[in-house]
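Breakdown of the fold
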Amino acid sequence: MKKKICVIGAGVIGISTARLLQETLPSCDVTIIAEKFSPHTTGDVSAGVWKPHALGDTPVELQSKWSGNTFEHLLKVCMGSEASLAGIQLLSGYLLFQDYTEDPSWSNQMLRFCHMTPRELAQFPGYRHGWFIITIKVECRRYLPWMLNKFKSMGGAVLQRKIHSFEEISADYDIIVNCSGLGSYELAKDKTMQPIRGQVIRVRAPWITTMGCDDATKAGREPYVFPG
């Protein structure tokens, strides 16, 4: 008899987890349960750039393994025929610093990583150091429905429903994976969960073709400009 797995949550983490479970455990039935699906999730209004950050005390070897696996997955899609449908594309640009900063452990995982030249830095007054990178951008309003369609095509089940406690579904599934994000504040009684609000302004500036990011994370801020 097949094992039944339930993933709670249909954001980027939830759908990605469900897809990975399908691939690694093909003998199991996987179901996604969520109150909201794309285009009504928090993730639908965001975009993601592959650049590991907020790593905390995660061991470097795990950082490299997880971030490397993610990059290779995204790169494979980016170079395939469905890149546009998935909202994935290459992105180049600058990460800027007030002072010299050591190269990160993930620098060799990018398609290109190098220090900015003095001439490049001169275009950004106030910065003494920076990196030029080629990475990957993901537009979630395309990526989420694309991933969900892949999940369904592989036999995955989808159920729209608000779960108030794990006990509601514990008798129906052998394994429950919680990917409810901020919903864990109530669902898992995790009072450490809190929203972090950012401000995004969209402007028409077709002459901007590269990204720029003030990587001053120590100051608690990270203003950025992304093309497209």
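I will try to describe carefully the structure that is included in this document. Just so it is clear, the model here is predicted, and its values are computed rather than measured. The residue numbers shown here count from 1 along each chain, following its written sequence. A pLDDT threshold of at least 70 governs which residues receive local features in this predicted model, and a stricter bar of 80 or more applies before side-chain atom pairs are shown or counted, although totals over entire chains, interfaces and linings include all residues. As a rule here, side-chain values come from all non-hydrogen atoms in the structure, and water together with hydrogens is ignored.

**Overview of the sheet that holds strand β1 (residues 4-8)**
In this description, strands pair whenever DSSP reports at least two bridges between them. Numbering of helices and strands runs from the N terminus; a helix is a DSSP stretch of H or I covering at least four residues, while a strand is a stretch of E covering at least two. The sheet built from four strands is open, its strands ordered β7-β2-β1-β8 with parallel pairing. What marks the edges here is a single partner per strand, and that holds for β7 (157-160) and β8 (175-178). Mean inter-strand twist for the sheet, computed between neighbouring axes without regard to direction, equals 20°. In terms of strand pairing, β1 meets β8 through four bridges, oriented parallel. Bridging across to β8, Val7 finds its partner in Val177. Note on geometry: axes are C-alpha line fits, over the in-contact stretch for helices, and angles between N-to-C directions span 0 to 180 degrees.

**Notes on the packing of helix α1 (residues 12-24) against helix α5 (residues 140-153)**
Packing of α1 against α5 leaves a shortest axis separation of 10 Å and a crossing angle of 30°. As judged from the angle between their axes, α1 and α5 are roughly parallel. For the pair α1 and α5, the sense of crossing is left-handed. Where α1 abuts α5, its residues Val12, Ile15, Ser16, Ala18, Arg19 and Gln22 lie against Cys140, Tyr143, Leu144, Met147, Leu148, Lys150 and Phe151. Across the contact of α1 with α5, the residue classes break down as nine nonpolar, two polar and two charged. Orientation labels follow simple angle bins: below 35 degrees gives roughly parallel, above 145 gives roughly antiparallel, 65 to 115 gives roughly perpendicular, and whatever is left gives oblique. Definitions for this section: a left-handed crossing has its near helix turned counterclockwise from the far helix by less than a right angle. A right-handed crossing has that turn clockwise. Throughout, a residue-residue contact means that at least one pair of heavy atoms, one from each residue, lies within 4.5 Å. Think of it as three bins: nonpolar holds Ala, Val, Leu, Ile, Met, Phe, Trp, Tyr, Cys and Pro, charged holds Asp, Glu, Lys and Arg, and polar takes everything else, Gly as well.

**Considering the side chain of Asp44**
Tracing the backbone shows Asp44 in the loop between β2 (29-34) and β3 (47-49). Of the side chains bearing the opposite charge, Arg141 lies closest to the buried Asp44, which forms no salt bridge; the N-O distance is 8.0 Å. Polar contacts here mean pairs of N or O atoms no more than 3.5 Å apart (in protein, one a potential hydrogen donor and the other a potential acceptor; neighbouring residues in sequence count only if both atoms are side-chain atoms). At 2.6 Å, the side chain of Asp44 forms a polar contact with the side chain of Thr41. Those residues within four positions of Asp44 in sequence are excluded, and the remaining contacts are Ser38, Pro39, Cys140, Arg141 and Leu144. Buried means the residue's accessible area, taken with a 1.4 Å probe over protein chains only, is under 20% of the maximum for its type, while exposed means over 50%, and partly exposed covers the values in between. Under the convention used here, Asp and Glu are negative, Lys and Arg are positive, and both His and the chain ends fall outside the count. Here a salt bridge means any side-chain nitrogen of Lys or Arg lying within 4 Å of a carboxyl oxygen belonging to Asp or Glu.

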